[in-house]
Amino acid sequence: MNSVTLTEQPDLLKAAALLPPRLSLGSTMVVHGIAKLRKEGTEQHAGFFEQLGLKPARLLVLATGVTEVLAGVGAILGIATRPAAVAVLVTQAFAIAKVHGSKGFDNTKGGFEFNLALCAIALGLLLRGPGRLSVHSAVESKVKRKELRRFKLLPRQRRGSRLLDLLG
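Remember, it's a predicted structure, so these values are computed and weren't measured experimentally.

Conventions adopted
Residues numbered from 1 in each chain as written. Predicted model: local features only at pLDDT ≥ 70, side-chain atom pairs only at ≥ 80, totals over all residues. Heavy atoms only, no water. Core = buried A, V, L, I, M, F, W, Y, C linked by side-chain atoms within 4.5 Å. Buried < 20%, exposed > 50% of the residue type's maximum accessible area, 1.4 Å probe, protein only. Helix = DSSP H or I, 4+ residues; strand = E, 2+ residues; numbered from the N terminus. Contact = heavy atoms within 4.5 Å. Axes fitted to C-alpha atoms, helices over the stretch in contact; angles between N-to-C directions. Left-handed = near helix turned anticlockwise from the far one by under 90°. Nonpolar A, V, L, I, M, F, W, Y, C, P; charged D, E, K, R; others polar.

I would appreciate a short explanation of the nonpolar core in the present structure.
The nonpolar side chains of a soluble globular protein tend to be buried, and buried together. Membership of the largest hydrophobic core is limited to eleven residues, which are Leu18, Leu25, Met29, Ala71, Ala84, Ala85, Ala87, Val88, Leu118, Ala122 and Leu125. Of all the elements, helix H5 (residues 81–100) adds the most residues to this core, at four residues. The contact partners of alanine 84, leaving out residues within four places of it in the chain, are Ala71 and Ala75. In this structure, Ala46, Leu54, Ala57 and Val61 belong to the second largest nonpolar core, which totals five residues.

Teacher, can you tell me more about the packing of helix H3 (residues 39–51) against helix H4 (residues 57–77) here?
For any two helices packed against each other, one specifies the crossing angle of their axes together with the interaxial distance. Two numbers describe how H3 lies on H4: the axes approach to 8 Å, and their chain directions differ by 120°. The way H3 lies across H4 gives a crossing that is right-handed. Counting all contacts with H3, which are made through Thr42, Glu43, His45, Ala46, Phe49 and Glu50, the residues of H4 involved are Ala57, Arg58, Leu60, Val61, Leu62 and Thr64. Per-class residue counts for the contact of H3 with H4 are six nonpolar, three polar and three charged.

And the structure:
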């Protein structure tokens, strides 16, 4: 019987390495976003946003919820990962500044520990992109194959790849 360990498959490890952070960040953001978009969640969060002095509270709650859901789905699928990471960094920095920062680090005391962990994951994805096991990688491969078939790598045709590289 021939068994192969993961350490003998460095390409497989590299390809899979970004899945756990993408999935954990994405699922967390989707759950938090959906909670804000549900009727009772919108009302509850709107009251909280108003207490923080954020107005129009309901509109800001809905915008935050949509942003969190889209960022989460982008992270999970690995498409537009860098914009998703920026969205997470902005929402979590705001949460730390307005809610959790004054309570210290400890998450059990309402602190920013969890938010900081989300920011760290988002920063890693912002710097590295989604990795090979992603929708982005599949689309990028298809675009680059088309470009290679044409053998006319004109700037106009390269724009698609550059945009994909930027979105990550």
